[in-house]
Amino acid sequence: MKVVVYAICKNEEKFVERWTRSMSEADEIVVLDTGSEDDTVEKLKANGVNVTEEEIRPWRFDTARNRSLDLVPEDADICVCTDLDEVFEPGWREALERAWKKGVSRARYRYTWSFTKEGREGVVFWIDKIHSRHGYQWVHPVHEVLQWTGKESTEKTITAEGIQLNHYPDSSKSRGQYLPLLELSVAEDPEDDRNMHYLGREYMYKKRWDDCIRTLKRHLSMAKATWEDERAASMRYIAKSYLMKGERNQARDWYLRAAIQAPHLREPYVDLAYALYEEKKWEGVLYFTGCALEITHRPKSYICEADSWGSLPHDLRAMALFHTGRIKEALEEEKEALAMEPDNERFQKNVEVLMRQIQEAKGIPGATPQ
């Protein structure tokens, strides 16, 4: 079985050594360099990578991905698409060969998109960028996806347990090209619900609140927009935009809609709890953090945010319990938060304050948790 890794890159010399070591379990590595001005190309070649240099104009991620796929030898059995800021954990090749069967055309595997500052996993979901050599092409100018073009009516996808890919993004790189490319993507295919959602989310990132609300309401009206998790995310982003515009009642209504749309997700409940925390509505904070913490199954999709699965629900709950006079319960929740972030100085201080208050005689005020 011949396995080939392929990638696109530009000015990523600092990742080359780590990336090539991670990909070395493949039989071959091919890279399309799209215009590096540093030592990326030289370092890749020194590490045995087959490099082709070619600028893509006008820039589109799908065009670049397809050109890099063209570089993969025709006799390859399996193609593995990664970026230079990603790292496979050792043993991925063996896990892939164990899972891959005759007739399979694509594999899903676990992907950690971000890590917390303490090094814990942040956003985790499952992706499917391992595929057969023929029958696929990349589509969309940005947030590009693999599209099945094979002779059979449907592709056959397997889940490859044991493959773990980790992402260590370069925070210095600009996202400036994303918005115009997303606008182009929506203009090219206005019925694609996923890119409509991405465009609305990008407007939120850019603090263009009205554009976010308008675009995501359009997403929710689309016939193809049926995935509950993504619909709930659009509702939450609409809510946040209203919140930033100072329209708190509208925001609360949209957060509630999100919770009703996808009651199996923590994120809408945590967002609601945080909004109510800002209003000092403690019983509401307790109710919605309780709803969130009752959900113990973490979804495998990208609609899964690190905050909701980290310390935040426990910390919000601790504050609400403290302000409603339930000090012992507050201490337990803050200990849970601290266990997730042991270096968090605020959590450390709050635990000390709460422990001291419990030890003091009733009626004697102590310090206030922050």
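Before reading further, recall that the structure is shown in the block above.
Definitions and limits used
- Residues numbered from 1 in each chain as written.
- Predicted model: local features only at pLDDT ≥ 70, side-chain atom pairs only at ≥ 80, totals over all residues.
- Heavy atoms only, no water.
- Helix = DSSP H or I, 4+ residues; strand = E, 2+ residues; numbered from the N terminus.
- Buried < 20%, exposed > 50% of the residue type's maximum accessible area, 1.4 Å probe, protein only.
- Contact = heavy atoms within 4.5 Å.
- 1 Å grid on protein atoms, 1.4 Å probe; cavity = no way out; pocket = protein on both sides within 12 Å on 5 of 7 lines; lining within 4 Å.
- Points joined across faces, edges and corners; volume = space filled by probe spheres on them.
- Nonpolar A, V, L, I, M, F, W, Y, C, P; charged D, E, K, R; others polar.
- Axes fitted to C-alpha atoms, helices over the stretch in contact; angles between N-to-C directions.
- Parallel < 35°, antiparallel > 145°, perpendicular 65-115°, else oblique.
- Left-handed = near helix turned anticlockwise from the far one by under 90°.
- Phe/Tyr/Trp six-rings, centres within 6.5 Å; stacked < 30°, edge-to-face > 60°.
- Lys NZ or Arg CZ within 6 Å of the ring centre and 35° of its normal.

Student: How should I be thinking about the overall build of the protein chain in this particular structure?
Tutor: Helix and strand counts for the protein chain come out as 14 helices and 10 strands. Taken along the three principal axes of its C-alpha coordinates, the protein chain extends 80 × 45 × 40 Å. Sorting the 370 residues of the protein chain into buried and exposed places 52% on the buried side. Partitioning the intrachain contacts of the protein chain with sequence separation of at least 6 by distance along the chain shows that 64% fall at a separation of at least 24.

Student: Just to check I follow, could you spell out empty space enclosed by the protein for this structure?
Tutor: Summary: where empty space remains is shown by rolling a probe the size of a single water molecule over the atoms. Applying the stated criterion to the full structure yields 1 cavity of 30 Å³ or more. Forming the boundary of the largest cavity are Arg 248, Ala 251, Arg 252, Leu 272, Ala 275, Leu 276 and Glu 279. Listed by contribution, the elements that provide at least two residues to the lining of the largest cavity are helix H9 (248-261) and helix H10 (267-278). Looking at the lining of the largest cavity residue by residue, the class counts come to 4 nonpolar, no polar and 3 charged.

Student: Looking at this structure, I do not really get the packing of helix H6 (residues 193-205) against helix H7 (residues 209-221). What am I missing?
Tutor: The axes of two packed helices give the description: the angle between them and the distance between them. At a minimum axis separation of 8 Å, H6 and H7 run at an interaxial angle of 165°. One element, H6, and the other, H7, form an angle in the roughly antiparallel class. Here H6 and H7 pass one another in a crossing that is left-handed. Side by side, H6 and H7 meet where Asp 193, Met 196, His 197, Leu 199, Gly 200, Arg 201, Tyr 203 and Met 204 of the first sit next to Trp 209, Asp 211, Cys 212, Arg 214, Thr 215, Leu 216, Arg 218 and His 219 of the second.

Student: Is there a simple way to think about the packing of aromatic side chains in this case?
Tutor: To describe a pair of aromatic rings, one takes the distance between the centres and the angle between the planes. For the structure on display, the rule yields 13 aromatic pairs. Look at Phe 88 and Trp 92: their rings are 4.6 Å apart centre to centre, the planes differ by 20°, and that puts the pair in the stacked class. Of the two residues examined, Phe 88 and Trp 92, each falls in the buried class. Taken together, a centroid distance of 5.0 Å and an interplanar angle of 80° make the contact between Tyr 287 and Phe 288 edge-to-face. A relative accessible area of 53% means that Tyr 287 is categorised as exposed. Taken together through their ring pairs, the aromatic side chains of Tyr 111, Phe 125, Tyr 198, Trp 227 and Tyr 302 make up a single cluster. In this structure, Arg 257 is placed above the aromatic ring of Trp 254, and the distance from its NZ or CZ to the ring centre is 4.0 Å. Stacked on the ring of Trp 126, the Lys or Arg Lys 300 has its end atom at 4.5 Å from the ring centre.

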